Structures are given as C-alpha cells and as structure tokens.
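Breakdown of the fold
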Amino acid sequence: MSTQDSRDRTVIVTGAGSGIGYQIARKFLEMGSTVIAGDLNPDGAPEGSRKVRVDVSDPGAVRALMEAAIQLTGHIDVLCNNAGLSSTTDPIECTPEEWDRVFAVNAKSVFLGTKYALPFMLQQGSGVIVNTASAAGMVGLPDRAAYCASKGAVISFTRQVAVQYAADGVRCNCVCPGTVDSPWVGRLLGEADDPEAMRAALVARQPMRRLGTPDEVADAVLYLASPAAAFITGTALVIDGGITAG
C-alpha cells in the first residue's frame, strides 16, 4: 500500500461505465483520489474521473491505459480489474467463440492489467490490485460454464500474484460478489420470459431475501485497497448475502 493518503492516490478502474465499476470509481473520487475510468463506453463513468475508452482484452490498449496514468500523475497506487462479461450457456451450448470471448474479458483482462501495472508498482515499492471475481468462481452454477470457469481463473490468478509479490510491497486480492442488482442482472431479467418471476426466484434463493447492491461491493473493494487491509493479500472476499454458505 502506498504511504500516500487517499487524496494523492492514483486509481485505475476498468468497467467503470456502469454497475459495480461505476460505484468503485465514484467512491474513490469521493475520497479525493485521481481516478482513471476505463471502459468500452466510458461516457457513463462518474464525472470527475479521467474517462478512457479501452478494450480490456487488447494488450496494447491496456498497456496504454497504464502508461496514461503514469503520464498523468507519475504513479499507480490501486488497480481495480473490474470489467467483466456475462455468459448463460452450458458446456454443450457454449460455442468456442463464446468461451474465448468470456475468458478474454473476464480472465485475460485481469492478467493484462496486472502485467502492465506491476512494473510501475514494483518500481515505487507499493501498490494494491483488487480483482472482481464472483461467487460463481467458487461454486458451480447451471448454465454458467464459461462464466464460472473464467471467474475461478481470476481467483487462482489473484492468489498467485499475491504470493509472488507479497515481499515487494504489492498486495493482490479479489472480491466475489453473489447476485447483485446491477445492469448485468437487469439484462438477464430482460431476456427472461417472465422477468418478475425470475427476479422473485433470484431473491427467494438469497438467505437475506434480497439482492446485493453495487455500492456494497464497492465498499468491499475500497476496504481491500485501504490501510485497514494492510495485512490482507491473496484473499477472495465473498459478498453474497450468505448464498454460498448454504
């Protein structure tokens, strides 16, 4: 963790144009951090952030995003690899093209962001990486073949990076949200034959009888990026209202 206070931190958030990423970026801005908001459609990112269009599966684009942050402030203190893509097919219906695309956005992007941010963090002797995985990366869910596999990869990669660089001042953790009332769930409901019934079913399976919120996940990300979590690295913080416990 950088010794700088939150007002001086440079934070990169991918997928900042909506949902969880938007809330992460917004909360860091409220703390006074400089936020570089990367997204395919960055117009939706919070006002006050530096909005950058980026395809997180493109090595050149991700590298340019990191270099833009360095040119702006001279350091990268927090990287939130948050961008993600949904998938709702089983192993038979999932095409090789869908599998590759889901892994490119959900897993390869985390590798690329980490790969190109790490040299700067190691040079400054500090840094925090927080990846957005999923509870689906810890358990099997029907019709989520590529999604479960890609998020499981994020969890494993997070642990590897944590062990590799723990002695170098860089921490790496991930958050594992459950079902969150986000634009992704909104699109899922929009594709359902009976959106109201599907939403009721999603809520009914939650021990807390409600869905999570992007704001709650963002709070967990900010905690992992804060000095309060200085002795935490390599962890997968589950934010699912208790569903995986059952």
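Below: a short report on this structure. Source: prediction; values computed, not measured. (Residues numbered from 1 in each chain as written. Predicted model: local features only at pLDDT ≥ 70, side-chain atom pairs only at ≥ 80, totals over all residues. Heavy atoms only, no water.)

**A few points about helix H7 (residues 214–224)**
Every buried residue of H7 is accounted for by Pro 214, Val 217, Ala 218, Ala 220, Val 221, Leu 222 and Leu 224. On the buried face of H7, the contacting elements are helix H1 (19–30), strand S4 (78–81), strand S5 (127–132), strand S6 (170–177) and strand S7 (236–239). (Buried < 20%, exposed > 50% of the residue type's maximum accessible area, 1.4 Å probe, protein only. Helix = DSSP H or I, 4+ residues; strand = E, 2+ residues; numbered from the N terminus. Contact = heavy atoms within 4.5 Å.)

**Here we look at the sheet that holds S6**
Pairing within the open sheet is parallel, and its 7 strands lie in the order S3-S2-S1-S4-S5-S6-S7. A single partner strand is all that each edge strand has here, and the edge strands are strand S3 (50–53) and S7. On average, each strand axis in the sheet is tilted by 15° relative to the strand beside it, whichever way the strands run. Across 4 bridges, the pairing between S6 and S7 is parallel. Bridge pairing in S7 links Val 175 to Leu 237. In the packing of helix H2 (residues 59–73) onto the sheet, the strands contacted are strand S1 (10–14), strand S2 (34–39), S3 and S4, and the crossing angle to S1 comes to about 155°. The strands touched by helix H3 (residues 96–124) are S4, S5 and S6; relative to S4, the strand with the most contacts, the crossing angle is about 175°. (Pairing = 2+ DSSP bridges. Axes fitted to C-alpha atoms, helices over the stretch in contact; angles between N-to-C directions.)

**Some thoughts on H1**
Compared with an ideal rise of 1.5 Å per residue, which puts 12 residues at 16 Å, H1 spans 17 Å between its outermost C-alpha atoms and is within 8% of the ideal. Positive phi shows up at Gly 32, right after H1, with a value of about 95°. (Expected span 1.5 Å × (residues − 1).)

**As for the packing of aromatic side chains**
If you walk through the whole model with that rule in mind, you get 2 aromatic pairs. Ring geometry for Trp 99 against Phe 103: centres 4.9 Å apart, planes inclined by 25°, an arrangement best described as stacked. Here Phe 103 and Trp 99 lie together in helix H3, a separation of 4 residues that amounts to about one turn. Pairing Phe 111 with Phe 157 gives two aromatic rings, centres 6.4 Å apart and planes at 80°, and the pair type is edge-to-face. In this pair, Phe 111 sits in helix H3 while Phe 157 sits in helix H4 (residues 145–165), placing the two residues 46 residues apart along the sequence. Overall, the relative accessible area of 38% leaves Phe 111 in the partly exposed class. Its relative accessible area of 23% is what places Phe 157 among the partly exposed residues. (Phe/Tyr/Trp six-rings, centres within 6.5 Å; stacked < 30°, edge-to-face > 60°.)

**Some thoughts on empty space enclosed by the protein**
Across all of its chains, the model carries 1 cavity of 30 Å³ or more by this definition. Taken as a whole, the largest cavity spans an internal volume of roughly 50 Å³. Elements with a minimum of two residues in the lining of the largest cavity: H2 and H3. For the lining of the largest cavity, the element with the most residues is H2, which contributes 3 residues. The residue inventory of the lining of the largest cavity, partitioned by class, reads 6 nonpolar, 5 polar and no charged. (1 Å grid on protein atoms, 1.4 Å probe; cavity = no way out; pocket = protein on both sides within 12 Å on 5 of 7 lines; lining within 4 Å. Points joined across faces, edges and corners; volume = space filled by probe spheres on them. Nonpolar A, V, L, I, M, F, W, Y, C, P; charged D, E, K, R; others polar.)

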